[in-house]
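So the chains spell out like this:
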Amino acid sequence: MVRNRKYTIAEQLAILRSIYPGSSSTTMANGFTWTMRVQPLPLSGNYTLKIVYCQNMAWPNVFISDPKPLKLAEGAEKLPHCYDSKKQQLCLFYPKYREWDSSKLIATTIVHWALLWIVFYESWVITGKWYGGGHGKWDAVIQ
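Each value, and the rule that gives it
- Residues numbered from 1 in each chain as written.
- Predicted model: local features only at pLDDT ≥ 70, side-chain atom pairs only at ≥ 80, totals over all residues.
- Heavy atoms only, no water.
- Helix = DSSP H or I, 4+ residues; strand = E, 2+ residues; numbered from the N terminus.
- Buried < 20%, exposed > 50% of the residue type's maximum accessible area, 1.4 Å probe, protein only.
- Contact = heavy atoms within 4.5 Å.
- Areas by Shrake-Rupley, 256 points an atom, 1.4 Å probe, with all protein chains shown as cover.
- Lys, Arg positive; Asp, Glu negative; His and termini not counted.
- Charge placed at Lys NZ, Arg CZ, Asp CG, Glu CD.
- Arc of directions from axis to C-beta.
- Phe/Tyr/Trp six-rings, centres within 6.5 Å; stacked < 30°, edge-to-face > 60°.
- Lys NZ or Arg CZ within 6 Å of the ring centre and 35° of its normal.
- Pairing = 2+ DSSP bridges.
- Core = buried A, V, L, I, M, F, W, Y, C linked by side-chain atoms within 4.5 Å.
- Salt bridge = Lys/Arg side-chain N within 4 Å of Asp/Glu carboxyl O.

Participant: Looking at this structure, I do not really get the overall build of the chain. What am I missing?
Facilitator: Regarding its fold elements, the chain presents three helices and six strands. Once the C-alpha set of the chain is aligned to its principal axes, its extents read approximately 45 × 30 × 30 Å. When burial is assessed residue by residue, the chain has 39% of its 143 residues classed as buried. Put simply, 46% of the contacts in the chain that link residues at least 6 apart link residues at least 24 apart. For the chain, the exposed surface amounts to about 8,500 Å²; the carbon and sulfur share of it is 55%. Each charge class in the chain was averaged separately, 16 positive and 9 negative side chains, and the resulting centres sit 6 Å apart.

This is the structure:
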């Protein structure tokens, strides 16, 4: 089913809160910040996921706020698949392909993609190879 109606900022936050009751959030005049402690797999570490979404943004900004800094793979100088490695701002999809817009729920897309990013990150730390795919300029970064 294709959804034509876009979710409002308030709807996105309410759904995040209802699906993830252990999360916390703060609201701003035009958006919100949502955080939650996550452990994607039983053997994974614990991470604090932070999502910032405002009315003037095309998509949510996603960060790993703890631990900081994240470990790097041997020989790496920065995190793969990040818009900003120092801020640990994750790159979860390719905007040019319009894989996310506000007709989709953050709770069932962005959060899940962030959990997958963490799984690929943990593998990258051990192996030095990014198995999470990528596109364009990122392909050179992850090899």
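Still more ground to cover, so stick around.
Participant: Just checking my understanding: could you explain helix α1 (residues 9-19) for this structure?
Facilitator: The periodicity of an α-helix, 3.6 residues per turn, causes residues three or four places apart in sequence to face the same way. Taken together, the buried positions of α1 are I9, Q12, L13 and L16. Angularly, the buried residues of α1 cover 95 degrees about the axis, an arc narrow enough to put them on a single face. The exposed set on the far side of α1, more than 90 degrees from its buried face, consists of A10 and S18. Contacts made by the buried residues of α1 are with β1 (24-28), β2 (31-38), β3 (47-54) and α2 (110-127).

Participant: Explain the packing of aromatic side chains to me, please; I cannot follow it from the model alone.
Facilitator: Evaluation of the coordinates by the stated rule reveals eleven aromatic pairs. Between the aromatic rings of Y121 and W124, the centroid separation amounts to 6.2 Å while the plane-to-plane angle is 40 degrees, which identifies the pairing as tilted. One end of the pair is Y121 and the other is W124, both in helix α2 and three residues apart, which spans about a single turn. Given the relative accessible area of 4%, W124 is considered buried. Members of the aromatic cluster, joined through ring pairs, are Y47, W117, F120, Y121, W124 and W130. In this structure, R5 is placed above the aromatic ring of Y7, and the distance from its NZ or CZ to the ring centre is 5.8 Å.

Participant: Whenever I open this one, the side chain of Q12 confuses me. Can you help?
Facilitator: Within the fold, Q12 resides in helix α1. Of the residues examined, Q12 reaches a relative accessible area of 1% and is grouped as buried. Not counting residues within four places of it along the chain, the set of residues in contact with Q12 comprises Y7, F32, Y53, W100, S102, K104, L105 and I106.

Participant: Looking at this model, I keep getting lost on the pairing of β1. Mind explaining?
Facilitator: Each regular strand shows side chains that alternate between the opposite faces of the sheet. The sheet contact formed by β1 and β2 spans five bridges and is antiparallel. Residue pairing across strands places M28 opposite G31, the latter belonging to β2. In textbook terms, the turn of a hairpin is the stretch between consecutive antiparallel strands, and for β1 and β2 this stretch comprises two residues.

Participant: When you look at the nonpolar core in this model, what are you seeing that I'm missing?
Facilitator: Core analysis: the largest hydrophobic core is formed by 32 residues, its most contacted members being W34, I106 and W117. Contributions of two or more residues to this core are made by α1, β2, β3, β4 (61-66) and α2. Broken down by element, this core gets its largest block of residues, seven residues, from α2.

Participant: What is the right way to read the pattern of salt bridges from this model?
Facilitator: It is possible for side chains of opposite charge to pair when their charged atoms get near one another. Evaluated as defined, the whole model comprises two salt bridges. Of the charged contacts in the structure, one is a salt bridge between E11 and R5, with a shortest N-O distance of 3.1 Å. Given the relative accessible area of 44%, R5 is considered partly exposed. We note a salt bridge from R37 to D66, for which the minimum N-O separation is 2.8 Å. Note that R37 is positioned in strand β2 and D66 in strand β4, a separation of 29 residues in sequence.

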